[in-house]
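Now for the letters of each chain:
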Amino acid sequence: MKIVILDGFTSNPGDLNWDKMEALGDLTVYEYTPNQTADIVDRLQDCEIALTNKTVITAEVMEACPGLQYIGVLATGYNVVDMAAAATHGITVTNVPGYSTQAVAQQAFALLLDICSHAAHHSKEVHNGRWSRGRDFCFWDYPLIELDHKTAGIIGFGQTGKAIGRVAKAFGMRVITNGSHETPEGKAIGEYVSREQLLKESDVIFLACPLNEQTKDLVCKETIAQMKDGVILINTSRGGTIVEKDLAEALHSGKVYGAGVDVVSVEPAKPDNPLLACENCVITPHIAWAAKEARGRLIDIASGNVKCFLEGKAQNVVH
């Protein structure tokens, strides 16, 4: 079968390979495909298997590509595919769960530690000669925050939320969560509480939840008002979970001491995104998932998904 990868550069900018996928069929890899129906249809016109990370496959695309049998999303989230249209056309859709769990947890704490310790800022000042010129044996420009005995509230307690919880416990933090499904594994990591209690008691709030009707605009003026003064917010989930204007106001006022976000509502970030004007907001460009090891797992699992589909036993199918 003909296999087309619409936007391969993000997953593999050249430091990995597509050998396992190439062994499964006639493979064509495009670095990038614009989100224009005509361009996407042109590239998928004669293929049976399409893979995409962020290029959107709409009902119009599926209608124009009758030979399409399978769409593999090179990510965990699959909102880039019109699922209703896929069902109508009998197209199998798969995703790649769990490949970046540890990488995302690591990035969540990279953001938090930057807010708490400001290592990059102080290193820059040292390299600029400030320490060498100093009178004292040390200096610091921001309060330095110790995490031990602080409370970490984790909204979303799936694989990633639990991984964040384990790291938080290693730092000596109390872990609470309002995950919807209590499990013995989860109880061993943290305490299940109400959303209201989590907002009220957390020193650090981690967003590790999917974006859906229940979590859209979760962090807003009303919920921020329920949080502790000086709370720290970390978001490695989806930008749409935050009303960015409301968070920016809270950062400027000091209600929220600092925020670390790897995602924003519109990506790439627009120049007028209000968080860009907040000095106490650390922003990384949606890279929590992108460690080389994680991307290698992504490609391996995606290749396994295609192999299983070809063998008639599809795995990681989303509905």
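Sequence order sets the numbering: in each chain, residues are counted from 1 along the sequence as written. Since the coordinates come from a predicted model, pLDDT governs what is reported: local features require at least 70, and pairs of side-chain atoms require 80 or more to be given and counted, while whole-chain, interface and lining totals use all residues. Derived side-chain values reflect all non-hydrogen atoms in the structure, with water molecules and hydrogen atoms excluded from consideration.

Chemist: Looking at this model, I keep getting lost on the nonpolar core. Mind explaining?
Modeler: Here is a general trend for soluble globular proteins: nonpolar side chains tend to be buried in one another's company. Residues belong to a common nonpolar core when they are buried Ala, Val, Leu, Ile, Met, Phe, Trp, Tyr or Cys residues joined through side-chain atoms within 4.5 Å. Accessibility here uses a 1.4 Å probe with only protein chains present; expressed as a share of the type maximum, an area under 20% marks a residue as buried, one over 50% as exposed, and anything in between as partly exposed. With 25 residues, the main nonpolar core has Ile205, Leu207, Leu233, Leu247 and Leu251 as its most contacted residues. The contact partners of Leu247, leaving out residues within four places of it in the chain, are Ile224, Leu233, Ile242, Val256, Ala259 and Leu275. Judged by nonpolar contacts, the second largest core, of 23 residues, contains Ala108, Leu111, Ile154 and Ala208. Contacts are assigned to residue pairs with any non-hydrogen atoms lying within 4.5 Å of each other.

Chemist: Quick question: what am I supposed to make of the side chain of Glu244 here?
Modeler: Of note, Glu244 is situated in helix H12 (residues 244-253). Buried and unpaired, Glu244 has no salt bridge, with Lys216 as the nearest side chain of opposite charge at 10 Å. Within 3.5 Å is the distance limit for a polar contact, defined as a pair of N or O atoms, with the added protein rule that one can donate a hydrogen and the other accept it, and that residues adjacent in sequence qualify only through two side-chain atoms. Looking at Glu244, its side chain comes within polar contact range of the side chain of Asn273, at 3.2 Å. In this view, Glu244 contacts Gly239, Val264, Ser265, Asn273, Pro274 and Leu275; residues no more than four positions away in its chain are not counted. Strands here mean DSSP runs of E at least two residues long; helices mean DSSP runs of H or I at least four residues long; both are numbered from the N terminus. A positive count includes Lys and Arg, and a negative count includes Asp and Glu. His and the chain ends are not counted in either. When a carboxyl oxygen of Asp or Glu lies within 4 Å of a side-chain nitrogen of Lys or Arg, that pair is called a salt bridge.

Chemist: Explain unusual backbone geometry to me, please; I cannot follow it from the model alone.
Modeler: Note: most residues except glycine have negative phi, and most peptide bonds are trans. Cis rather than trans, the peptide bond between Glu267 and Pro268 has omega equal to 0°. Positionally, Pro268 belongs in the loop between strand S11 (256-261) and strand S12 (281-283). For His149, which is not a glycine, the phi torsion comes out positive at approximately 70°. Structurally, the position occupied by His149 is in the loop between helix H7 (119-127) and strand S6 (151-155).

Chemist: I'm lost on the sheet that holds strand S8 (residues 191-192) in this one. Help?
Modeler: Strand pairing in a sheet is mediated by backbone hydrogen bonds. Such pairs are either parallel or antiparallel. If you trace the seven strands from one edge of the open sheet to the other, you get S8-S7-S6-S9-S10-S11-S12, paired in parallel fashion. Strands at the two margins of the open sheet, each flanked by one partner only, are S8 and S12. Strand direction decides the pairing type here: S6 and strand S9 (residues 204-207), joined by four bridges, are parallel. Bridge pairing in S9 links Ile154 to Phe206. The convention used is that axes are lines fitted to C-alpha atoms, helices contributing only their stretch in contact, and that angles between N-to-C directions extend from 0 to 180 degrees. Those strands touched by helix H6 (residues 101-117) are S9, strand S10 (231-235), S11 and S12, and its axis lies near 150° from that of S10. The strands that H12 touches are S10, S11 and S12; relative to S11, the one it contacts most, it runs at about 135°. Between any two strands, pairing holds if DSSP finds at least two bridges.

Chemist: Any chance you could explain the packing of aromatic side chains here in plain terms?
Modeler: Aromatic ring pairs are described here by two measures, namely the spacing of the ring centres and the angle between the planes. When the centres of two rings from Phe, Tyr and Trp lie within 6.5 Å, Trp using its six-membered ring, the rings pair. Their planes under 30 degrees apart give stacked, over 60 give edge-to-face, and anything left gives tilted. Applying the stated criterion across every chain yields a total of four aromatic pairs. Residues Phe109 and Phe171 carry aromatic rings whose centres are separated by 5.5 Å and whose planes lie at 0° to one another, so their mutual orientation is stacked. Highlighted residues: Phe109 in helix H6 and Phe171 in the loop between helix H8 (159-170) and strand S7 (174-177), separated in sequence by 62 residues. We classify Phe109 as buried; its relative accessible area is 3%. For Phe171, a relative accessible area of 35% corresponds to the partly exposed category. Centroid distance Phe157 to Tyr192: 5.9 Å. Interplanar angle 90°. Geometry classified as edge-to-face. Separated by 35 residues along the polypeptide, Phe157 in the loop between S6 and H8 and Tyr192 in strand S8 bring together distant segments of the chain.

Chemist: Please clarify how the environment of Lys221 should be interpreted in this entry.
Modeler: Note on placement: Lys221 falls in helix H11 (residues 221-226). Discounting chain neighbours no more than four positions away, the residues touching Lys221 are Asp246 and Glu249.

Chemist: Looking at this structure, how should I read helix H3 (residues 37-44)?
Modeler: The α-helix winds at 3.6 residues per turn, so residues separated by three or four positions along the chain end up facing the same way. Among all positions in H3, only Ile40, Val41 and Leu44 are buried. One side of H3 carries all its buried residues, which in axial view fall inside an arc of 100°. Looking at H3, the residues exposed on the side facing more than 90 degrees away from the buried face are Ala38 and Asp42. Where H3 is buried, its residues meet strand S1 (2-5), strand S3 (49-52) and helix H4 (59-64). This arc corresponds to the set of directions leading from the helix axis out to the C-beta atoms.

That's the geometry; what it means functionally is another story.
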